[in-house]
Amino acid sequence: MLIKKPGDIKSSEITPKELYLNRRQFILAASASAISAGALFGAGVSGAAAAETPAREKFKDLRKSPYSTSEKLNSFKDITTYNNFYELGTDKGDPARNAKYLAVRPWTVAVEGEVKKPKLYDIDELIRIAPLEERIYRLRCVEAWSMVIPWVGFPLASLIRLTEPTGNAKFVQFVAVHDPKRLPGQKFPVLDWPYVEGLRMDEAMHPLTILSVGLYGETLLPQNGAPIRLVVPWKYGFKSIKSIVKIRLVETQPPNSWNSMQPQEYGFYSNVNPEVDHPRWSQATERRIGEFFRRKTLMFNGYGEHVAALYKGMDLKKYY
Amino acid sequence: MFHYIKIIAFTACLVPLGQLIYNAATNNLGANPIEAITRFTGSWALIFILVTLGVTPVRKTTGWNDLVKLRRMLGLFAFFYASLHFATYFALDHFFDFATIAKDVVKRPYVTAGFTAFVLMVPLAITSTKAMIRRLGRRWQQLHYLVYVVAVAGVLHFYWLVKADTRRPVLYGSVLAVLLGCRVVSKWSPALALRRKGPAGLAR
């Protein structure tokens, strides 16, 4: 009988998988820092990034929504290569370049605070609590550019109702993932990590406010805030916090990262408002990505008929 | 010999422009090309200002005096990239909307600083010819001290426009501080200046 000898490699010589993966990460990290060192002085010209894209899942049977705009969509490439997600780097192309570090499974979202039914959701359970819809929204960045994005998601209100808020729940606080290993941008204290955001209860319950889990009919990519993010279309983009791990109902107004960083420039409300300038630049116009001429910025990003009533009687110059 | 060095330097100074044209032609400027062009030309204008200011300290420490013959060219390239930067803002970003631009210049400190830097570069570029240097005599040097104002305003322009990540403007500012520091040292420390000249016999 012929017994085949096993290979000559002793089991002690085989690199454990963990180390092997770490080594790969190290190489990736080294090349990334070499690139960013070059970009630091070299003033890169290209905003484009060729990202190694993780497998995306296609959603089936998405509902259409009356809240969707019929405006021309921005391309998938524009939406996934021009991003503000400082956790993955501060250049617009960085999030796509660094997307590979942000593993989005396993992932849990804790829903807690002033609720009768707190729960730690597994992401795959959370995305099934309500029927998924396509919501084509305008997104207006505080930096005066805008896009039209076909999100996939469900109303935040659906989740909040499940938690049975107590009478003390006046605000909703959101906390994003904090893990410098997966989010290399968090190695620098550009902002105070983790990124946090907040909404007033009525804003959170508004039917326009959604938790998004995809775009263009497929699961979100890390650079867009995978696996789950907030989308509040009448507010500047930074309110729509990405890669959420905690949703907490609270009694008092929670802090939000940009406001904590620069309170004179970024408010809690941050409603899109062409009449209230950022102290350092005008908010009267915006450049729609893909267009040459600037367009006029609309009050509440054009969602005034739905949300203006939320702010009746408020001085929006004071509560910017 | 130095003639060739000059040609090589001139060509090198055109590399960023080539890179910009190539990326524009191959549709590789990203989702927001106007912003990409603005940032690229602005960065290179600043880099060239700093390189120009580096000529004198490097010349003094290395004793390579021919280097000063590159200074005018480097300064003019700074003006060249600053002009592209300004033209991008004026023509592409705001499409000759004079009212908005005027309001920006008055109201937005970062625009005020950038505009000041650009405007002050104009007389420097105009008086960079040999004839002008001869005509202005001692006042030429006085006029060209404006480059320090240009550099400080340029760095401030960059620093005031970023949202939160100040690493690059701080880096440019630090380089500028070192370059200005060199000048203070060589002016106020004759001992150091003397040592730098080296043995009399070797001086050119």
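Above this text sits the structure in question.
> Before we go on, may I ask you to explain the overall build of chain A in this structure?
Assigned secondary structure in chain A consists of eight helices and twelve strands. Looking at chain A as a whole, 40% of its 320 residues are labelled buried. Put simply, of all contacts in chain A between residues at least 6 apart along the chain, 71% involve residues at least 24 apart.

> Any chance you could explain the overall build of chain B here in plain terms?
From N to C terminus, chain B includes ten helices and zero strands. For chain B, the sequential pattern of α-helices and β-strands runs α-α-α-α-α-α-α-α-α-α. If one aligns the C-alpha atoms of chain B with their principal axes, the spans along those axes are about 60 × 40 × 35 Å. Looking at the 204 residues of chain B, the share that counts as buried comes to 25%. A sequence separation of at least 24 residues applies to 63% of the contacts in chain B between residues at least 6 apart.

> Quick question: what am I supposed to make of the interface of chain B and chain A here?
If you look at the interface, chain B gives 22 residues, while chain A gives 21 residues. Elements supplying a minimum of two residues to the side of chain B that touches chain A: α1 (2-25), α2 (33-62) and α9 (167-188) of chain B. Considering every element that reaches the side of chain B that touches chain A, the biggest residue donor is α2(B), with six residues. Looking at the side of chain B that touches chain A, its residues break down into 13 nonpolar, six polar and three charged.

> Please clarify how the environment of A:F59 should be interpreted in this entry.
Residues and elements named next belong to chain A. Secondary-structure assignment places F59 in the loop between α1 (17-42) and α2 (76-81). Expressed as a C-alpha distance, the spacing of F59 and V276, which sit 217 residues apart in the sequence, is 39 Å. Residue contacts for F59: discarding those within four places in its chain leaves L132, V152, G214, G217 and E218.

> What is the right way to look at the nonpolar core in this model?
Across soluble globular proteins, nonpolar side chains have a tendency to be buried as a group. Membership of the largest hydrophobic core comes to 65 residues, with the highest contact counts inside it found for A:I149, A:W151, A:V172, A:F174, A:L211, A:L230 and A:I244. Ranked by residues supplied to this core, first place goes to strand β4 (residues 145-155) of chain A with six residues. Residues in contact with A:F174, not counting those within four places in the same chain, are A:V196, A:E197, A:G198, A:L230, A:I241, A:I244 and A:I247. B:F40, B:A82, B:Y89 and B:A113 belong to the second-largest nonpolar core, a separate cluster that totals 33 residues.

> Where do I start with the pairing of strand β10 (residues 244-250) of chain A in this structure?
A regular strand carries its side chains on alternate faces of the sheet. Summarising the sheet, strand β1 (residues 108-113) of chain A and β10(A) pair through four bridges and their orientation is parallel. The residue bridging A:E112 from the neighbouring strand is A:R248, located in β10(A).

> Explain the pairing of strand β5 (residues 171-176) of chain A here, please?
Residue and element names in this part refer to chain A. Most of β5 sits inside the fold, with six of its six residues counted as buried. A two-sided burial pattern is seen for β5, the buried positions comprising F171, Q173 and V175 on one face and V172, F174 and A176 on the other. As judged from the five bridges shared by β5 and strand β6 (residues 196-200), these two strands associate in the antiparallel manner. Within the sheet, the bridge partner assigned to F174 lies in β6 and is E197. Of the strand pairs in this sheet, β5 and β10 are connected by six bridges, and their pairing is antiparallel. Note on β10: the bridge partner recorded for Q173 is R248.

> So what exactly am I meant to see when it comes to the sheet that holds β5(A) here?
Through backbone hydrogen bonds, the strands of a sheet pair up, either in parallel or in antiparallel fashion. All names here are of chain A. Within the open sheet, the five strands sit side by side as β2-β1-β10-β5-β6. Their pairing is mixed. Edge strands, defined here as strands with exactly one partner in the open sheet, are β2 (119-122) and β6. Strand-to-strand, the axes of this sheet are offset by a mean angle of 15°, without reference to chain direction.

> Hey, could you run me through helix α8 (residues 146-161) of chain B in this one?
Because an α-helix completes one turn every 3.6 residues, residues spaced three or four positions apart along the sequence face the same direction. Residues and elements named next belong to chain B. Spanning 16 residues, α8 covers 23 Å between terminal C-alpha atoms, matching the ideal 22 Å at 1.5 Å per step. Those residues of α8 not exposed but buried are V150, A151, A153, G154, V155, H157 and F158. In this structure, the buried residues of α8 make contact with α2, α5 (109-126) and α9.

> Hey, could you run me through the packing of α8(B) against α9(B) in this one?
All names here are of chain B. Where α8 contacts α9, the axes come no closer than 9 Å and their chain directions differ by 160°. Taken as axis vectors, α8 and α9 run roughly antiparallel relative to one another. Viewed along their axes, α8 and α9 form a crossing whose handedness is left-handed. Each of Y148, A151, V155, F158 and Y159 in α8 lies in contact with α9, whose residues at this interface are P169, Y172, G173, L176 and L180. Residues that form the contact of α8 with α9 fall into these classes: nine nonpolar, one polar and no charged.

> I tried to follow the packing of α2(B) against α9(B) on my own but got confused; where do I start?
If you want to describe how two helices pack, look at the angle between their axes and the distance between the axes. Residues and elements named next belong to chain B. Following both chains from N to C, one finds α2 and α9 inclined at 30°, their axes separated by 10 Å at the closest point. Relative to α9, the element α2 is oriented roughly parallel. Crossing of α2 over α9 shows left-handed handedness. Along the contact surface, α2 presents L46, L50, L53, G54, P57 and K60, while α9 presents Y172, V175, L176, L179, C182 and S186. Looking at the contact of α2 with α9 residue by residue, the class counts come to nine nonpolar, two polar and one charged.

The rules behind these values
- Residues numbered from 1 in each chain as written.
- Chains lettered and ligands numbered in written order.
- Predicted model: local features only at pLDDT ≥ 70, side-chain atom pairs only at ≥ 80, totals over all residues.
- Helix = DSSP H or I, 4+ residues; strand = E, 2+ residues; numbered from the N terminus.
- Buried ≥ 20, exposed ≤ 12 C-beta atoms within 10 Å, placed from the backbone.
- Contact = placed C-beta atoms within 7 Å.
- Nonpolar A, V, L, I, M, F, W, Y, C, P; charged D, E, K, R; others polar.
- Core = buried A, V, L, I, M, F, W, Y, C linked by C-beta atoms within 7 Å.
- Pairing = 2+ DSSP bridges.
- Axes fitted to C-alpha atoms, helices over the stretch in contact; angles between N-to-C directions.
- Expected span 1.5 Å × (residues − 1).
- Parallel < 35°, antiparallel > 145°, perpendicular 65-115°, else oblique.
- Left-handed = near helix turned anticlockwise from the far one by under 90°.

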